[in-house]
Amino acid sequence: MTFRVSTDMERCQGHGKCVIQCPEVFDADEQGYVVVRAGEIPDSLRAAVERCVDDCPEGALGVT
Amino acid sequence: MGDNMDTTTSRGPGTGADPAPGIDMHFDHWSSKMAYSPYDVCVRLRNECPVARTDKHGGFFVLSRYDYVFAAALITETFSSDGDGLGVAIPPQDLRPLYPIDLDPPYHTRYRQILNPFFNMRTVARMEDSIRGLARELIAAFPASGVFDVAAAFTLPLPRRVGFQMLSFPEERTAEVSELVEAVMSNVVERQGAAAPRLFAVLSEILAERRAQPRRDDLLDTVVFGEVDGVPVDEKQSFAMLILLLMGGLATTSAALGVMIEWLADHPEDVKRLREHPELHNLAVDEFVRYSSPVAHIGRTVMADTEIDGCPLPKGSRVLLGFGSANRDDRAFRRPDEVLVDRQPNKHVGFGIGPHRCIGSHVAKLQIKVALEELLAAMPPFLVHDHGQTHWVGSESRMIDRLILALEPTP
């Protein structure tokens, strides 16, 4: 099974904590803002991604 | 009190009626109390007067709870960094506006956009080897045993060397520039006093030299030749960007490094744990930033009548956002006054929050991480030799500039 990650680009300020904690899923663009590497993410990464969602200082990430 | 520090409020338990909250308060964020030991004051504010008002520096409000600091930092239309030209310092400083900290979106964003490419994670990650080399060089010069000042030997020079390397500053100017930047930052009197014009003169010279040289398209070139909306920045803007990079990038990282080393010296159990669990280092870095809160507070100006927690904030009010206090708020953090090296989540506001998030946060975090790794690898058992000699400076940005360690000789 897979799941999707939502990003609120109005909120993301490029803290980059998600990129450090879960580089399999998150990357940063030239300006430093979050980029999600794939649309469908395997459930094996769900716990790691949920930690990033909870840890985002701006509340810019979600799981759908 | 000697330092104008009086935190009595009109709102203590048992005082009954609740007249204008905090009206008799004389909180001064520039006092040495707030440099040395701010957190008892912060906890009193959070518990008894979370939207406080002080009569110092022309009068301003102080937000101390995490939720209120967070909210105000995000509502940039109401809580303005520009503030019709006042900027973010309380009281307003002569050197303003500083680009881009004293601007609001969308103008703020355009200046950030030209600087961001030099500070994004991937660009910064390429600096790791060079930062590690500098850290190793400094650590190799520590004495093998005995007593020494780790601030002078490590926490002050590392961020300076990294910062001046990023800016490709002429080597012979760096000592003078560091000292002047620190003088300008360390108190509100000096900031408006003798050091500022000297700093202006030295930096203007460095900028003029660069302006006359062939383009290199590095960070300093962007400060000198950058274009915003197709218009080249002028000399005043170049200067304002450069001084902000220096003010933001040197002492702040030193602050986090100093507090980290002090904590580890006092808590050998965490040294042991971090040695055994390198996978915790990234979390520990954020935790040291939360715990040290190098930028303790930054101001805003209220652009339209508003209220927080039922307390009216009239248009034109100055407001201090207490990032350091927010980071110790037990409403947001469990055991806030301790370093928990595996704290997660850790939604600290140590780099600020919202569009003004510290542009150098990745450079800072990489330095802290590399420093942690290299100190863990190289240091014999260490402790603070004399806490009585630990010296703090600053206010808006507060740091340890003397920390006397004792090393135990390795067998």
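Placed above this text is the structure.
Note that the structure is a prediction, hence the values are computed from the model and not measured.

### Section: the overall build of chain A
So, point 1. The helix and strand inventory of chain A stands at two helices and six strands.
So, point 2. N-terminal to C-terminal, the α/β element order of chain A is β-β-α-β-β-β-α-β.
So, point 3. In summary, chain A has a C-alpha radius of gyration of 10 Å against a globular reference of 11 Å for 64 residues, a match within 12%.
So, point 4. In terms of overall dimensions, chain A has C-alpha extents of about 30 × 20 × 20 Å along its principal axes.
So, point 5. Within the span of chain A, comprising 64 residues, buried residues form 48% of the whole.
So, point 6. For chain A, the proportion of contacts with a sequence separation of at least 24, taken over those separated by at least 6, is 60%.
So, point 7. Of the roughly 3100 Å² that chain A leaves accessible, carbon and sulfur atoms contribute 50%.

### A closer look at the sheet that holds strand S2 (residues 60–63) of chain B
So, point 1. Spatial strand order, S1-S2-S10-S7-S3 (chain B): five strands in an open sheet with mixed pairing. With partners counted over all chains shown, the strands left at the sheet margins are strand S1 (51–54) and strand S3 (79–80) of chain B, one partner each.

### What to know about the interface of chain B and chain A
So, point 1. In this complex, chain B contributes 24 residues to the contact, which on the side of chain A involves 22 residues.
So, point 2. For the pair chain B and chain A, the summed buried area comes to about 1900 Å², and 48% of that belongs to carbon and sulfur atoms.
So, point 3. The tally of links between chain B and chain A comes to zero salt bridges.
So, point 4. Across the contact surface, chain B and chain A share 11 residue pairs in polar contact (both at pLDDT 80 or more).
So, point 5. Of the residues that constitute the side of chain B that touches chain A, the class distribution is eight nonpolar, 10 polar and six charged.

### Topic: the layout of surface pockets
So, point 1. Counted as a void, the largest pocket has a volume near 390 Å³.
So, point 2. Around the largest pocket, the lining is made up of 14 residues, and of these A:Met9, A:Glu10, A:Cys12, A:Gln13 and B:Pro355 lie nearest the centre.
So, point 3. The leading source of residues in the lining of the largest pocket is helix H4 (residues 107–119) of chain B, at three residues.
So, point 4. Split into classes, the residues belonging to the lining of the largest pocket amount to six nonpolar, four polar and four charged.
So, point 5. Quantified by volume, the second largest pocket comes out at close to 320 Å³.
So, point 6. Every element with two or more residues in the lining of the second largest pocket is listed here: helix H1 (17–21) and strand S3 (26–28) of chain A together with helix H5 (121–125), helix H6 (128–140), helix H16 (281–292) and helix H18 (361–378) of chain B.
So, point 7. Looking at which element gives the most residues to the lining of the second largest pocket, the answer is H18(B), with six residues.
So, point 8. Each residue belonging to the lining of the second largest pocket can be placed in one class, and the counts come to nine nonpolar, two polar and seven charged.

### Let's talk about the nonpolar core
Residues and elements named next belong to chain B.
So, point 1. One finds Phe154, Phe169, Val177, Leu203, Leu246 and Leu405 to be the most contacted residues of the largest nonpolar core, which totals 100 residues.
So, point 2. If sequence neighbours within four positions are ignored, Leu203 has contacts with Phe169, Val177, Phe239, Leu242, Ile243 and Leu246.
So, point 3. Listed in part, the 23 residues of the second largest apolar core include Phe61, Tyr66, Phe70 and Val319.

### Observations concerning the environment of B:Pro170
All names here are of chain B.
So, point 1. With respect to the element layout, Pro170 can be found in the loop between helix H8 (157–166) and helix H9 (174–186).
So, point 2. Distance from Pro170 to Phe61, taken between C-alpha atoms, is 42 Å for residues 109 residues apart in sequence.
So, point 3. With sequence-adjacent residues up to four places away left out, Pro170 is seen in contact with Ile206 and Glu209.

### A closer look at the pattern of salt bridges
Residues and elements named next belong to chain B.
So, point 1. Taken as a whole and judged by the stated rule, the model has 32 salt bridges over all chains.
So, point 2. For Glu276, the salt bridge goes to Lys272, with nearest N and O atoms at 3.3 Å. Here Lys272 and Glu276 lie together in helix H15 (residues 268–276), a separation of four residues that amounts to about one turn.
So, point 3. The exposure class assigned to Glu276 is partly exposed, which follows from its relative accessible area of 49%.
So, point 4. Through salt bridges with shared partners, one network takes in Glu128, Arg132, Arg136, Lys369, Glu373 and Glu374.

### Regarding the environment of B:Phe148
So, point 1. With respect to the helices and strands, the residue B:Phe148 is situated in strand S4 (residues 146–149).
So, point 2. For B:Phe148, the residues in contact, after removing those within four places along its chain, are B:Phe142, B:Pro143, B:Ala153, B:Leu403, B:Ile404, B:Leu405 and B:Leu407.

### Some details on the packing of H16(B) against H18(B)
Residues and elements named next belong to chain B.
So, point 1. Across the interface, H16 lies against H18 with an axial gap of 9 Å and an inter-helix angle of 115 degrees. Crossing hand, H16 versus H18: right-handed. Contacts between H16 and H18 pair His281, Asn282, Ala284, Val285, Asp286 and Val289 from the former with Lys365, Ile368, Lys369, Leu372, Glu373 and Leu376 from the latter.
So, point 2. Class assignment of the residues belonging to the contact of H16 with H18 gives a composition of six nonpolar, two polar and four charged.

The rules behind these values
Residues numbered from 1 in each chain as written. Chains lettered and ligands numbered in written order. Predicted model: local features only at pLDDT ≥ 70, side-chain atom pairs only at ≥ 80, totals over all residues. Heavy atoms only, no water. Helix = DSSP H or I, 4+ residues; strand = E, 2+ residues; numbered from the N terminus. Rg over C-alpha atoms; globule rule 2.2 N^0.38 Å. Buried < 20%, exposed > 50% of the residue type's maximum accessible area, 1.4 Å probe, protein only. Contact = heavy atoms within 4.5 Å. Areas by Shrake-Rupley, 256 points an atom, 1.4 Å probe, with all protein chains shown as cover. Pairing = 2+ DSSP bridges. Buried area = accessible area lost by both parts, 1.4 Å probe. Salt bridge = Lys/Arg side-chain N within 4 Å of Asp/Glu carboxyl O. Polar contact = N/O pair within 3.5 Å; in protein donor to acceptor, adjacent residues only side chain to side chain. Nonpolar A, V, L, I, M, F, W, Y, C, P; charged D, E, K, R; others polar. 1 Å grid on protein atoms, 1.4 Å probe; cavity = no way out; pocket = protein on both sides within 12 Å on 5 of 7 lines; lining within 4 Å. Points joined across faces, edges and corners; volume = space filled by probe spheres on them. Core = buried A, V, L, I, M, F, W, Y, C linked by side-chain atoms within 4.5 Å. Axes fitted to C-alpha atoms, helices over the stretch in contact; angles between N-to-C directions. Left-handed = near helix turned anticlockwise from the far one by under 90°.

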